[in-house]
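Close look at the chain arrangement
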Amino acid sequence: MDTAARTLVSPARLRRPGARRVYWAIVALVVLLFTVVFTGPLYWMVTGALKSGPEVAQIPPTLYPQHPQPGNYAEAWTALSLGRLLLNTVWYAFGALAFQLVFDVAAAYAFSKLRPAFGNALLGLMLATLMIPSTVLVIPQYVTVIDLPLVHWNMLDSPWAIWLPAVTNAFNIFLLKRFFDSIPQDLMSAAAIDGAGPVRTLWSVVLPISRPILGVVSIFSLTAIWKDFLWPLLVEPSADNRTVNVGIYAFSQGLTQNVVIAGAVIAAVPTVVFFLIFQKNIMSGLTAGSLKG
Amino acid sequence: MDGAVRLDGAGLPARAIPRPAGAALRRRLVHNLTGHGFLIGAVVCFAVFSWYPMVREIVMSFQRTRRGVTTWVGWHNYVRLWHDPSFLAAWRNTLTFTLLALVVGYALPFFIAVLLNELRHARGYLRAVVYLPVMLPPASALLLFRFAYDPSQAGIFNYLLHAAHLPTSQWVQSTSMTQPSLVIAATWMNVGSSILVYLAALQNIPGELYEAAELDGAGLLRRLWHVTVPQTRLILSLMFLLQVVATMQVFIEPLILAGGAGVNDSATSVVYLMYQHAFKQNDLNGAAALGVMLMVVLAGFSVAYARLSPKQD
């Protein structure tokens with residue numbers, strides 16, 4: 001971390017004795033405030049789920065569970081069939097990731113390095129979809145998915161209904177293409193002289209250099225599928241096929257508060273663990289997409 | 001590729017073209033076919049799930065399907081929507097949500113990022129903490145907020161307000177507080193990603209600019225206004241576009257926090273109304289008309305943005 005970088009407040013000013021004290025007071029205040037605001041609700045969730053039925057509805061609320069009931073978590077696990085929901089979501093998310101990596105990487109490589117005829121026109125048409133978010137198109141997309149044109153295939157309740165539409169991620173293609181553009185042509189020519197065809201060049205030259213951007217794209221694709229709501233709500237209507245995000249909402253009707261909250265906690269655990277593991281990549285990924293390259 | 005080459009040889013009038021040109025042409029054709037081979041997967045997916053639905057939504061909005069028979073009905077679906085009592089409420093709510101979310105979710109993270117950028121300690125911790133809610137499944141976070149918004153004092157928000165001797169609120173049970181309640185929850189869930197994007201932009205500002213401004217006698221606020229803001233102008237304007245487009249699609253917040261419509265349609269959003277028409281009233285055509293309206297509004301906004309926004313140079 002570049003602590004020496006000059007920012008809004010000058011370092012000389014910070015070194016004055018009075019300013020030092022003010023600075024530390026601000027640090028303490030910010031840390032305290034942010035911890036309360038952003039992790040307070042998480043604390044409330046985890047402990048609320050441990051309370052008994054009467055205690056969770058009690059006025060005034062208790063700050064910590066008087067008689068912790070870990071059984072609530074077990075009850076939520078079965079009542080919300082969380083094992084099933086989590087497995088479904090993992091299957092959808094990694095399948096969608098695989099399709100995106102194959103098709104979007106291939107497309108970005110073609111746009112960047114192979115540059116076939118009409119390539120730019122197709123790229124333009126893909127990027128134009130960035131202006132029209134998919135939520136706006138759910139109705140015709142749904143109609144298309146229940147009766148695929150020409151082949152009349154009904155994808156409803158199958159993972160394909162999530163996997164294939166996930167490929168239409170123009171932002172991924174944009175990020176990948178921009179990264180591939182930065183790979184020097186010399187490297188490509190060298191591979192060609194060695195007799196490598198386009199597939200081999202992509203596999204042994206381009207992909208190994210592109211690990212950082214592939215990591216970014218993968219993390220954001222997985223998170224997007226995990227957090228998506230409206231589309232899986234529509235195309236995976238059977239209780240057996242729901243994603244965790246849809247399932248905990250759909251199954252929560254009629255359950256008691258402590259059990260619902262316990263379910264919400266369990267549903268959040270995989271993403272929080274994922275975040276703690278890939279924190280560095282996620283942070284650097286946030287800048288990859290937004291800053292001028 | 002074998003088939004492609006043969007097709008090339010058979011399809012070209014080989015005798016009419018001199019040999020070298022024929023070879024070059026064949027090479028170009030093979031090259032193009034290879035390129036399109038790499039593109040085909042993505043292009044088919046875009047065609048089926050993106051480009052075709054765009055056209056189909058417009059077509060559907062001018063049709064009506066009854067008992068399997070589809071007829072053209074002109075602007076009928078749009079007129080019907082106009083007479084839907086929830087229609088104006090849905091647009092009003094969506095615009096209110098977008099505007100409120102801009103006030104809290106757009107300006108606030110910028111100032112938080114400026115503040116965090118000044119701190120020399122606990123940087124990693126603060127970043128992780130603000131981003132944590134972004135990683136939660138939205139339904140998890142919103143179920144929690146649903147209980148926190150309980151209008152009695154069993155809800156943690158009212159309990160805290162009461163403990164601080166402040167007036168309590170009916171939250172999503174009150175027509176005037178519904179949209180602010182949705183915005184608070186949405187902001188808590190999403191503010192972390194904006195903060196981190198701004199932080200990254202702030203770190204790219206060359207320190208000499210601040211030094212030069214300081215030598216010129218610019219105070220803290222002037223440095224903020226004349227150095228920080230212009231230096232992050234591009235990212236600020238891009239985030240503005242992304243935020244408006246994202247918040248206009250609000251759906252899960254009203255659905256989970258207020259059961260969809262809320263009290264007297266105070267929660268109904270445009271996308272929720274679209275969902276209602278399509279899947280509760282069995283009116284896919286009306287829903288498509290609503291989708292077209294939202295598409296026109298968002299595309300119009302993007303075009304206006306592209307014309308007015310600062311150019312990258």
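Residues numbered from 1 in each chain as written. Chains lettered and ligands numbered in written order. Predicted model: local features only at pLDDT ≥ 70, side-chain atom pairs only at ≥ 80, totals over all residues.

Per the secondary structure count, chain B includes 14 helices and 2 strands. Here the C-alpha atoms of chain B give a radius of gyration of 27 Å, more than 25% beyond the 20 Å that 2.2 N^0.38 yields for 313 residues. Projected onto its principal axes, the C-alpha coordinates of chain B cover approximately 95 × 70 × 35 Å. For chain B, buried positions account for 41% of its 313 residues. Restricting to contacts in chain B with at least 6 residues of sequence separation, those with at least 24 account for 65%. (Helix = DSSP H or I, 4+ residues; strand = E, 2+ residues; numbered from the N terminus. Rg over C-alpha atoms; globule rule 2.2 N^0.38 Å. Buried ≥ 20, exposed ≤ 12 C-beta atoms within 10 Å, placed from the backbone. Contact = placed C-beta atoms within 7 Å.)

The subject of this paragraph is the overall build of chain A. The number of helices and strands found in chain A is 15 helices and 0 strands. For chain A, whose C-alpha radius of gyration is 25 Å, the value lies well above the compact-globule estimate of 19 Å for 293 residues. Classification of the 293 residues of chain A by burial places 39% in the buried group. By sequence separation, contacts in chain A at least 24 residues apart represent 73% of the contacts at least 6 residues apart.

Looking now at the interface of chain B and chain A. Chain B puts 88 residues into the contact, and the matching count from chain A is 82 residues. The dominant element in the side of chain B that touches chain A, judged by the number of residues it contributes, is helix α2 (residues 19–61) of chain B, at 22 residues. Its residues assigned to classes, the side of chain B that touches chain A comprises 58 nonpolar, 21 polar and 9 charged. (Nonpolar A, V, L, I, M, F, W, Y, C, P; charged D, E, K, R; others polar.)

Residue and element names in this part refer to chain B. Domains assigned within chain B are domain 1 (2–61) and domain 2 (79–308). Relative to domain 2, the C-alpha centre of domain 1 lies at a distance of 44 Å. In this assembly, 4 residues from domain 1 lie in contact with 7 residues from domain 2. The class makeup of the residues in the side of domain 1 that touches domain 2 is 2 nonpolar, 1 polar and 1 charged. (Domains from an automatic or database assignment.)

Residue and element names in this part refer to chain B. Packing of helix α3 (residues 76–83) against helix α14 (residues 284–308) leaves a shortest axis separation of 9 Å and a crossing angle of 85°. The angle between the axes of α3 and α14 places the two elements in the roughly perpendicular class. Judged by residue contacts, N77, Y78, R80 and L81 of α3 engage N285, G286, A289 and L290 from α14. In terms of residue class, the contact of α3 with α14 is built from 4 nonpolar, 3 polar and 1 charged. (Axes fitted to C-alpha atoms, helices over the stretch in contact; angles between N-to-C directions. Parallel < 35°, antiparallel > 145°, perpendicular 65-115°, else oblique.)

A few words on the confidence of the model for chain B. All names here are of chain B. Averaged over chain B, the pLDDT score is 86; the fraction of residues at 70 or greater is 92%. Ranking the elements of chain B by mean pLDDT puts helix α1 (residues 2–11) last, at 40, and helix α13 (residues 270–279) first, at 94. Scored by ipTM, the complex comes to 0.87, with pTM at 0.87. (pLDDT = per-residue confidence, 0-100.)

A separate point is the nonpolar core. If you look at the biggest cluster of nonpolar residues, it comprises 153 residues, and the most contacted ones within it are A107(A), Y109(A), I261(A) and A264(A). Setting aside anything within four residues of it in sequence, one finds I261(A) in contact with M45(A), G48(A), A49(A), L143(B), L144(B) and F147(B). (Core = buried A, V, L, I, M, F, W, Y, C linked by C-beta atoms within 7 Å.)

So, on to the packing of helix α7 (residues 138–146) of chain A against α14(B). Two numbers describe how α7(A) lies on α14(B): the axes approach to 8 Å, and their chain directions differ by 135°. In terms of their interaxial angle, α7(A) and α14(B) are classed as oblique. Within the contact between the two elements, α7(A) uses I139(A), P140(A) and V143(A) and α14(B) uses L284(B), A287(B), A288(B) and G291(B). Each residue belonging to the contact of α7(A) with α14(B) can be placed in one class, and the counts come to 6 nonpolar, 1 polar and no charged.

Taking 1.5 Å of rise per residue, 17 residues should cover 24 Å, and helix α12 (residues 211–227) of chain A covers 24 Å from first to last C-alpha, within 8% of that figure. Residues I213(A), V216(A), V217(A), F220(A), S221(A), L222(A), T223(A), I225(A), W226(A) and K227(A) constitute the buried set of α12(A). (Expected span 1.5 Å × (residues − 1).)

Another point: the pairing of strand β2 (residues 69–72) of chain B. Residues and elements named next belong to chain B. As defined by bridge partners, strand β1 (residues 63–66) adjoins β2 across 4 bridges and the pair is classed as antiparallel. Bridge pairing links T65 to T70 in β2. Hairpin connection of β1 to β2: 2 residues between the antiparallel strands, including R67 at a positive phi of 50°. (Pairing = 2+ DSSP bridges.)

Moving on to the domain arrangement of chain A. Partitioning chain A into domains gives domain 1 (11–72) and domain 2 (80–251). Its C-alpha centre places domain 1 of chain A at a distance of 38 Å from the equivalent point of domain 2 of chain A.

Residues and elements named next belong to chain A. Notably, R115 is not glycine yet its phi reads approximately 45°, a positive angle. One can find R115 in the loop between α5 (82–114) and α6 (119–128). When the 13 C-beta atoms within 10 Å are taken as the criterion, R115 is described as partly exposed. Backbone geometry at F118 places phi at a positive 65°, although glycine is not the residue there. As for its placement among the helices and strands, F118 is situated in the loop between α5 and α6. What makes F118 partly exposed here is the crowd of 13 C-beta atoms within 10 Å.

Okay, the environment of Q69(A) next. Following the sequence through the fold, Q69(A) ends up in the loop between α3 (53–56) and α4 (71–79). It is 10.0 Å that separates the C-alpha atoms of Q69(A) and G48(A), two residues lying 21 residues apart in sequence.

All names here are of chain A. Here Q185 shows up in helix α10 (residues 185–193). Overall, the presence of 8 C-beta atoms within 10 Å leaves Q185 in the exposed class. Along the chain, Q185 and K113 lie 72 residues apart, while their C-alpha atoms are 8.6 Å from each other.

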